[in-house]
Amino acid sequence: MLEKDHILLKETLLILLLSTLLASCTKPVEIPVHVLRDTKIIEVNPTFSSRIRLSDVYEKIRFIRLETSDNSRIDEVTKLIITSKNFIIGTTQNILIFKRNGDFNREWISKMKISRITDIYVDTTTMEIDVFDAKAKHLHRFDSLGNLINEWNIGLDAYSMYPSDKNTYCFYSGNAYYNKSKYKVNFFDLRTKRIVARAFP
């Protein structure tokens, strides 16, 4: 899959998921305008559906064998990010970087202990890596060498995250009973360090 297709598909699936959830709510949910400023909204009508052919989604499919050794063992994969040069694989314990031909590049190692990684986001311009530690309920931002740049106490356990803009993260928590929030989706402002919007009770 080409990188642009991967990015477009991922963003489209995220928007479709959020739109579908919005459509299924019995009560309207108001989200501040600044949260959705850079978000494209797609209307979804669940009463109509059609089959999607793989040829409409992918231009070509090929298998790439990843080099594995004692230094590049892959456990449970939680995220795959494709850049122009690398495959970045996030697991529950670490982050592995492979070249596009499958050769092992290096293991990304943070300079601090992370308990349980549930999601990562990579800024492909700066190569800064945002790592969410679900056990500690913290979002950490590192440079490409693993040095801590910043961190935020989100106060929630979350399964996934995605930036809605450069200052706001969307966290999906599902129905985790131990979370203080009773909402499945929470928008966290990195500047004010607080949740600014919630959706899907």
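Heads up: the structure comes first, above all this text.
Everything quoted here is computed from the prediction, not taken from an experiment.

Undergrad: How do you make sense of empty space enclosed by the protein when you look at a structure like this?
TA: Any empty space left between atoms is shown by rolling a water-sized probe over those atoms. With the rule as written, the count across this model stands at one cavity of 30 Å³ or more. What the largest cavity holds in volume is close to 30 Å³. Around the largest cavity, the lining residues are Ile 88, Ile 97, Arg 106, Trp 108, Met 127, Ile 129 and Ser 144.

Undergrad: Looking at this structure, I do not really get the packing of aromatic side chains. What am I missing?
TA: Describing an aromatic ring pair means giving the distance of the ring centres and the angle of the ring planes. Under the counting rule described, the total for this entry stands at seven aromatic pairs. Centre to centre, the rings of Tyr 121 and Tyr 169 are 6.4 Å apart; their planes meet at 85°, and the pair counts as edge-to-face. Here Tyr 121 is found in strand 5 (residues 117-122), whereas its partner Tyr 169 is found in strand 10 (residues 168-172), with 48 residues between them in sequence. Here Tyr 121 falls in the partly exposed class, since its relative accessible area comes to 25%. An aromatic cluster is built from Tyr 121, Phe 132, Tyr 162, Tyr 169 and Phe 171, whose rings are joined through pairwise contacts.

Undergrad: What is the right way to look at the sheet that holds strand 10 in this model?
TA: What links the strands of a sheet is backbone hydrogen bonding, and the strands pair in either a parallel or an antiparallel sense. Spatially, four strands are ordered 9-10-11-12 in an open sheet, and the strand pairing comes out antiparallel. Only two strands of the sheet have a single neighbouring strand rather than two, namely strand 9 (160-165) and strand 12 (194-199). Each strand of the sheet is rotated relative to its neighbour by a mean of 25°, with strand direction disregarded.

Undergrad: Is there a simple way to think about the sheet that holds strand 6 (residues 129-133) in this case?
TA: With antiparallel pairing, four strands are arranged side by side in an open sheet as 5-6-7-8. At either end of the open sheet lies a strand with only one pairing partner, and these are strand 5 and strand 8 (148-153). Averaged over all pairs of adjacent strands, the angle between their axes in this sheet comes to 15°, without regard to strand direction. The pairing of strand 7 (residues 138-142) with strand 8 spans five bridges and is antiparallel. Considered in strand 8, the bridge of His 138 is made with Asn 153.

About the criteria used
Residues numbered from 1 in each chain as written. Predicted model: local features only at pLDDT ≥ 70, side-chain atom pairs only at ≥ 80, totals over all residues. Heavy atoms only, no water. 1 Å grid on protein atoms, 1.4 Å probe; cavity = no way out; pocket = protein on both sides within 12 Å on 5 of 7 lines; lining within 4 Å. Points joined across faces, edges and corners; volume = space filled by probe spheres on them. Phe/Tyr/Trp six-rings, centres within 6.5 Å; stacked < 30°, edge-to-face > 60°. Helix = DSSP H or I, 4+ residues; strand = E, 2+ residues; numbered from the N terminus. Buried < 20%, exposed > 50% of the residue type's maximum accessible area, 1.4 Å probe, protein only. Pairing = 2+ DSSP bridges. Axes fitted to C-alpha atoms, helices over the stretch in contact; angles between N-to-C directions.

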